[in-house]
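# Coordinate inspection notes
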Amino acid sequence: MSEVREADLLIAGQGAAAFASALYAARYQMDLVIAAEQFGGETAIGGMIENYPGTGDIDGFELMMKFKEQVDKLEVPTLNSNVVKATKDGDRFRVELEDGSVVNALSVILAVGRERRKLELPHEDEWTGNGVSYCSTCDAPLYRNKKSAGVVGGGNAAVEGAILLAKYAETVYLVYRGAKLFRPEPILLKVLDKTDNVKVLLETEVAELLGSDEAGLTGIRLTKPFEGTDELTLDGLFIEAGADPRLDVPNQLGLEINPDTDEVHVDRMQKTNVPGVYAAGDLTDGTDLKQTITAASQGAISALSAYTYVMEHPSKLGEEAEPVAAGAD
Ligand SMILES: Cc1cc2nc3c(=O)[nH]c(=O)nc-3n(C[C@H](O)[C@H](O)[C@H](O)COP(=O)(O)OP(=O)(O)OC[C@H]3O[C@@H](n4cnc5c(N)ncnc54)[C@H](O)[C@@H]3O)c2cc1C
C-alpha cells in the first residue's frame, strides 16, 4: 500500500524557486512538503555564480546547499521523488510521485524549471561548468581577457550571447547549422554586424568537443572547415540552442501555456489559471530574465499566494486567524 499524506501545500522542485517558496511557506506555518528527485536544479550544476547578491562569488552547488539548509532548519519534509501525475480531486490536488507515494494537497506550487536542449555530444555533461555552459548571461564575464569563446545556435539567445561575450573575449565564434541566423531581432543583427570580433560560421555544426577531464573543454571540431581548419581552440563553449519548459504536470492540471514562449502563464502573484496552483521560476512567463535571483523571488511570491488561498479554503475557514493581506511581510 503506497503512502498517502495530506498537506496544505506541495512544492514540486528542489531548485531556487522551490526552496524560496518552501522557506516562505514554512514561515507562514503551512503544512508543506517538497517533492523532487534531484537537488539543486540548474543553479547547482551551473558552476560559479557571480551575480547572486550578498554571497560574493560562490559555487552554484554551495549556494543551493545554503538555500536547502535554511529550509531544513524549519523541518520541511523533502520527498526525493518527482511528481509524475497531478489531478484535481474534489477540493484538493492529488499528486502522485514516482516512488508510488501520494500527496493530497490543498495547493500546489510548480517550480520544475526547464530542460536545456543539448548537443548530445560525448563529454557535454562532464564538462558543463568546466568550459561548457548553457547560459551566456550568467557566465560571459568569466571570459574577460580570454582569447576565444564559441556560441552554438542561431536565435536571439545565441546572437545576444555572442554580442555579450564579445565584450569580454578577444574572438567569439558563432556556430550555426542553418544557412542564415534563425530570425533574430533586427536590432540584434545590426549590433552583430558592427561587432568586429564575432565571426559567424553558417552551415556548420560542432562535430566533437575537444579537451580532457582535467582541463575541461579546450576546443571544438567543426563539420566544415573555417579559415583552413576544422579545429577551433576555445576557452569556453556556450550552447544556446534553447530550453523547453517541463510541461507534463502543468498540462495534466490544465494550466494555460503562453503560446509565444511555451511557458506556464502566470500573473504578478504567480497565479496560474487554476485556483490553488501556482508556478515559479524558469518554468513560467513571469520574466524573460531566467536567473537564480528571479526564480527565488517568484518562489517567495508564490508562497504568499498559496498561503492566502489555503487560509481562505473552505476546509480551513473558522480554524485559522485572518488571512494575510497581499504584500504583508
Ligand atoms: C549552465 C548554467 C549556468 C547558470 N549560471 C547562472 C548564474 O551565474 N547566475 C544566475 O543567476 N543564474 C544562472 N543560471 C540560471 C539559473 O540556474 C536558473 O535561472 C535557475 O536555476 C532557475 O531556477 P528554478 O528553480 O526555476 O529551476 P531549476 O533550477 O531548473 O530547478 C528545477 C527543479 O525541478 C526539479 N524537477 C524537474 N522535474 C520535476 C518533476 N516532475 N517533479 C518534481 N521536481 C522536478 C529538478 O530536479 C530541479 O530540482 C544558470 C543556468 C545554467 C544552465
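Quick caveat, the model's predicted, so the values are computed rather than measured. (Residues numbered from 1 in each chain as written. Predicted model: local features only at pLDDT ≥ 70, side-chain atom pairs only at ≥ 80, totals over all residues.)

Following the sequence through the fold, Thr223 ends up in strand 15 (residues 216–226). Taking the C-alpha atoms as reference points, Thr223 and Ile293, 70 residues apart in sequence, are found 38 Å from one another. Not counting chain neighbours up to four residues away, the residues in contact with Thr223 comprise Thr204, Glu205 and Ala207. (Helix = DSSP H or I, 4+ residues; strand = E, 2+ residues; numbered from the N terminus. Contact = placed C-beta atoms within 7 Å.)

Neighbouring the ligand are 38 residues, the closest being Gly15, Gly41, Gly46, Gly113 and Gly281. Looking at the shell around the ligand, the elements with two or more residues in it are helix 1 (16–27), helix 2 (41–45), helix 4 (136–139) and helix 8 (292–311). In terms of residue class, the shell around the ligand is built from 18 nonpolar, 14 polar and six charged. Domain assignment of the residues forming the shell around the ligand places at least three in each of domain 1 (4–116 + 243–311) and domain 2 (132–239). (Near = placed C-beta within 6 Å. Nonpolar A, V, L, I, M, F, W, Y, C, P; charged D, E, K, R; others polar. Domains from an automatic or database assignment.)

Another point: the sheet that holds strand 11 (residues 148–152). Sheet architecture is open: five strands sit in the order 10-17-11-12-13, paired in parallel fashion. Pairing within the sheet leaves two strands with one partner each, and these edge strands are strand 10 (132–133) and strand 13 (198–201). In the sheet, strand 11 pairs with strand 12 (residues 171–175) via five bridges, with the strands oriented parallel. What sits directly across from Gly150, in strand 12, is Tyr173. Each of strand 11, strand 12, strand 13 and strand 17 (236–239) is contacted by helix 5 (residues 156–165), which is oriented at about 170° to strand 11, the strand it contacts most. (Pairing = 2+ DSSP bridges. Axes fitted to C-alpha atoms, helices over the stretch in contact; angles between N-to-C directions.)

What follows deals with the pairing of strand 6 (residues 83–89). Pairing geometry for strand 6 and strand 7 (residues 92–97), over six bridges, is antiparallel. Residue Lys88 lies in a different strand from strand 7, and its bridge partner there is Phe93. Linking strand 6 to strand 7, which pair antiparallel, is a turn of two residues; within it Gly90 sits at a positive phi near 65°.

To continue, consider the sheet that holds strand 14 (residues 206–212). Pairing within the open sheet is antiparallel, and its three strands lie in the order 14-15-16. Pairing within the sheet leaves two strands with one partner each, and these edge strands are strand 14 and strand 16 (229–233). Ignoring strand direction, the axes of neighbouring strands in this sheet form an average angle of 25°. When strand 15 meets strand 16, the two strands line up antiparallel, connected through four bridges. From the neighbouring strand, Gly219 faces strand 16, where its bridge partner is Thr233.

Parsing the protein into structural domains produces domain 1 (4–116 + 243–311) and domain 2 (132–239). Averaged C-alpha coordinates put domain 1 and domain 2 at centres separated by 33 Å. Contact residues are listed per partner, giving five residues for domain 1 and six residues for domain 2. Considering only residue class, the side of domain 1 that touches domain 2 consists of one nonpolar, two polar and two charged.

Counting buried positions along helix 5 yields nine of ten residues, so the element is predominantly enclosed. If you check which residues of helix 5 are buried, you get Ala157, Ala158, Val159, Glu160, Gly161, Ala162, Ile163, Leu164 and Leu165. Taken together, the buried residues of helix 5 touch helix 4, strand 11, strand 12, helix 6 (186–194), strand 13 and strand 17. (Buried ≥ 20, exposed ≤ 12 C-beta atoms within 10 Å, placed from the backbone.)

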